[in-house]
Amino acid sequence: MSVHSAVAVIRAKRDGGELSDAQIDWVVDAFTRGEIADEQMSALAMAIVWRGMSRRETARWTAAMIDSGKRLDFSDLTRPTVDKHSTGGVGDKITLPLSPLVAACGAAVPQLSGRGLGHTGGTLDKLEAISGWQADISVERMREMLADPAIGAVVCAAGADLAPADKRLYALRDVTGTVESIPLIASSIMSKKIAEGTGALVLDVKVGRGAFLKELSQARELATAMVELGTDAGVRTVALLTAMDTPLGRTAGNALEVAESLEVLAGGGPADVVELTLVLAREMLAQAGIDGIDPADALADGRAMDHWRAMITAQGGNPEAPLPTARHTEILRAPLSGTLIRLDALDVGIAAWQLGAGRARQGDAVQPGAGIEMHAKEGDSVTAGEPLLTLHTDTPEAIPVALETLRDSYDIGETDEPFGPLVLGRITAS
Ligand code: URA
């Protein structure tokens, strides 16, 4: 018989109290074992949404979620480990070129990723567009890939035993309106990243219309909480705040984004994708303690591409296989000439999702070829009648729905205003 009771813990937080370490350890453990009912955990999550948690409570909550499962340990590898986590954005395919690039520069990159839900795509969905590629691999295989100097990076699905308390809690939060809490989001993300066993971490916290945080102040608060959690847990952590008002690159959709990532790995690709890949690579190398290597050289001379091929092949993928394409396309043409002064990330993300690139519910299938190709980016000149966007889908009935979503997604006109920077801020441990 426990000295704690779920009702007492809920009441304490409801009334604005601080939970003790013992209460937090007990509540997370009892919930994982099924001793605390979903409705009780939902009530506690709602109380946390309203009352918040202190830095100590959030750190303890995170530790309890890590302790609910296995913690991986790659400290025996000879190379330093470093990972990147993005809070999710439209067209955010950066992990694809970034992981092999950082591996090519001498770090080991263990990246446990997820599948997408809603309008932002998941890294695993993108890689699953590659023929034969498998997201589920064992920890032993992960270790072999990280230790192999020709590979050095692995992007795979998190096993069921990695922070299982977070998996259960996130599923509850998703259906009870309790996702929107900085301590709950920070502990959810960081419990998985710390349990993954990386020595260093770079966070890309997205801000803007296509991100789940719309305001810079909120993003700064989340980034600060995550950097504190990582640092307190012994993971060297830094966060960048980056703009997500317009999509990254020129594609949103799984196979389309793989193709664009290959362009970056081949030394080309859209300027914003290249810029963010290099900015994040430099941060990762600095956190890993690797000096004197310019990742731009490894993109230009093909070393990053060699690591990509090895990484994909090691997980059963065929890097030479043609990527899947959608059965139907529809071109949206510019209605007038001028400068593209706005292209809205949220609208493009939702339209790509409606075309079949994303899923509405966990477990739904995605169409690998579906998505949106952008022929112009903000600041580009467009000509009336020329293609602005190409819609790709296997389900042609989705085209009118997506076109309706895209109706007010862009503005064409004249402007002297400069377009804002991609990197909006940098948060380090205080
Ligand atoms: N992503 C997560 O993993 N957890 C959250 O709470 C929100 C986004």
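Everything numeric here is computed off the predicted structure, so don't read it as measured data.

Chemist: Sorry, what's going on with the overall build of the protein here?
Modeler: For the protein, the helix and strand inventory stands at 16 helices and 13 strands. A principal-axis box enclosing the C-alpha atoms of the protein has dimensions of 70 × 45 × 40 Å. Every one of the 430 residues in the protein was classed for burial, and the buried ones make up 54%. Contacts in the protein between residues far apart in sequence, at least 24 positions, make up 79% of those at least 6 positions apart. Carbon and sulfur atoms form 52% of the exposed surface of the protein, whose accessible area is close to 17,400 Å². Charge-centre separation for the protein: the mean point of 39 positive side chains lies 5 Å from the mean point of 59 negative side chains.

Chemist: What's the story with the packing of aromatic side chains in this structure? I'm lost.
Modeler: Aromatic rings considered in pairs are described by the distance between their centres and by the relative angle of their planes. All told, the structure shown has 0 aromatic pairs when counted by the stated rule. Positioned above the aromatic ring of phenylalanine 31 is the side chain of arginine 168, whose terminal nitrogen or guanidinium carbon lies 4.3 Å from the ring centre. Lysine 192 extends its terminal NZ or CZ atom over the ring of tyrosine 170, reaching a point 5.8 Å from the ring centre.

Chemist: Would you mind going over the nonpolar core with me for this structure?
Modeler: A general trend in soluble globular proteins is that nonpolar side chains are found buried together. Among the nonpolar cores identified, the biggest contains 110 residues, and Val102, Val205, Trp308, Ile372 and Leu389 are the most heavily contacted of them. A total of 8 residues in this core trace back to one element, the largest contributor, which is helix H12 (residues 271-287). Residue-level mapping places this core at the junction of two domains, with at least three residues from each of domain 2 (82-321) and domain 3 (328-413). Those residues in contact with valine 102, other than ones at most four positions away along the chain, are Val82, Ala107, Val109, Ala281, Met284 and Leu285. If you look at the next biggest cluster of nonpolar residues, it comprises 23 residues, including Val9, Ile10, Val28 and Leu184.

Chemist: Whenever I open this one, helix H3 (residues 38-51) confuses me. Can you help?
Modeler: It helps to recall that an α-helix has 3.6 residues per turn; residues three or four apart then point in one direction. The end-to-end C-alpha distance of H3 is 20 Å, a good match for the 20 Å that 14 residues give at a rise of 1.5 Å each. Buried residues along H3 sit in contact with helix H1 (6-14), helix H2 (21-32), helix H4 (55-67), helix H8 (164-175) and helix H9 (182-195).

Chemist: Which parts of the structure should I look at to understand the site of the ligand?
Modeler: Taken together, Tyr170, Arg173, Ile185, Ser188, Ile189 and Lys192 are the residues near the ligand. Side-chain polar atom of arginine 173 to an oxygen atom of the ligand: 2.9 Å apart, as the coordinates give it. Protein contacts shield 83% of the accessible area of the ligand, which totals 240 Å² for the unbound molecule. Those elements that provide at least two residues to the shell around the ligand are H8 and H9. Among the elements that line the shell around the ligand, the one with the most residues is H9, at 4 residues.

Chemist: Quick question: what am I supposed to make of the pairing of strand E2 (residues 109-113) here?
Modeler: On any regular strand, side chains alternate: one points to one face of the sheet, the next to the other face. Counting buried positions over the 5 residues of E2 gives 5, a clear majority of the element. Of the two faces of E2, the one lined by Val109, Gln111 and Ser113 and the one lined by Pro110 and Leu112 are each fully buried. When E2 meets strand E3 (residues 153-157), the two strands line up parallel, connected through 5 bridges. In the strand pairing of E3, serine 113 is matched with alanine 157.

Chemist: Got a minute to help me understand the side chain of serine 86 in this structure?
Modeler: Among the secondary structure elements, serine 86 is positioned in strand E1 (residues 82-86). The exposure class of serine 86 is buried, given its relative accessible area of 17%. Among the polar contacts made by the side chain of serine 86, one reaches the side chain of aspartate 92 at a distance of 2.7 Å. Leaving out residues up to four positions away in the same chain, serine 86 has contacts with Asp92, Asp204 and Lys206.

Chemist: What exactly am I supposed to notice about the sheet that holds strand E11 (residues 387-393) here?
Modeler: Whether parallel or antiparallel, the strands of a sheet pair through hydrogen bonds between backbone atoms. The strand order E6-E9-E11-E7 describes an open sheet built from 4 strands, whose pairing is antiparallel. In the strand order of this sheet, the two ends are held by strand E6 (251-252) and strand E7 (328-333), each with one partner. Sheet topology places E6 next to strand E9 (residues 371-374); 2 bridges connect them, and they run antiparallel. When the sheet's bridge partners are listed, threonine 251 is paired in E9 with glutamate 373. In this fold helix H16 (residues 398-406) packs onto E7, E9 and E11, with an angle of close to 145° to the strand it touches most, E11.

Chemist: What am I meant to see in the packing of H1 against H3 here?
Modeler: Each packed pair of helices is defined by two parameters, the angle between the axes and the distance between the axes. Where H1 meets H3, the axes come as close as 8 Å, and the angle between the chain directions of the two elements is 15°. Here H3 runs roughly parallel to H1, going by the angle between their axes. In the crossing of H1 with H3, the sense of the turn from one axis to the other is left-handed. Contact residues: H1 offers Ala6, Val7, Val9, Ile10, Lys13 and Arg14, while H3 offers Gln40, Ala43, Leu44, Ala47, Ile48 and Arg51.

Chemist: Whenever I open this one, the pattern of salt bridges confuses me. Can you help?
Modeler: Two side chains of opposite charge can pair, provided their charged atoms sit close to one another. A full pass over the atoms with the stated rule returns 34 salt bridges. When the shortest N-O distance is used, the salt bridge between aspartate 38 and arginine 168 registers 3.0 Å. With aspartate 38 in helix H3 and arginine 168 in helix H8, this residue pair connects regions lying 130 residues apart in the sequence. Its relative accessible area of 31% is what places arginine 168 among the partly exposed residues. Note that lysine 193 and aspartate 83 form a salt bridge whose closest N and O atoms lie 2.6 Å from each other. Remark: aspartate 83 occurs in strand E1 and lysine 193 occurs in helix H9; sequence separation between them is 110 residues. The exposure class of lysine 193 is buried, given its relative accessible area of 4%. Its relative accessible area of 0% is what places aspartate 83 among the buried residues.

Chemist: Would you take a moment to explain the domain arrangement of the protein for this structure?
Modeler: One widely used convention gives an interface's size as the accessible area the parts lose upon coming together. Assigned domains of the protein: these are domain 1 (6-52), domain 2 (82-321) and domain 3 (328-413). For domain 1 versus domain 3, the separation of C-alpha centres amounts to 43 Å.

Cut-offs applied
Residues numbered from 1 in each chain as written. Predicted model: local features only at pLDDT ≥ 70, side-chain atom pairs only at ≥ 80, totals over all residues. Heavy atoms only, no water. Helix = DSSP H or I, 4+ residues; strand = E, 2+ residues; numbered from the N terminus. Buried < 20%, exposed > 50% of the residue type's maximum accessible area, 1.4 Å probe, protein only. Contact = heavy atoms within 4.5 Å. Areas by Shrake-Rupley, 256 points an atom, 1.4 Å probe, with all protein chains shown as cover. Lys, Arg positive; Asp, Glu negative; His and termini not counted. Charge placed at Lys NZ, Arg CZ, Asp CG, Glu CD. Phe/Tyr/Trp six-rings, centres within 6.5 Å; stacked < 30°, edge-to-face > 60°. Lys NZ or Arg CZ within 6 Å of the ring centre and 35° of its normal. Core = buried A, V, L, I, M, F, W, Y, C linked by side-chain atoms within 4.5 Å. Domains from an automatic or database assignment. Expected span 1.5 Å × (residues − 1). Near = heavy atom within 4 Å. Polar contact = N/O pair within 3.5 Å; in protein donor to acceptor, adjacent residues only side chain to side chain. Pairing = 2+ DSSP bridges. Axes fitted to C-alpha atoms, helices over the stretch in contact; angles between N-to-C directions. Parallel < 35°, antiparallel > 145°, perpendicular 65-115°, else oblique. Left-handed = near helix turned anticlockwise from the far one by under 90°. Salt bridge = Lys/Arg side-chain N within 4 Å of Asp/Glu carboxyl O.

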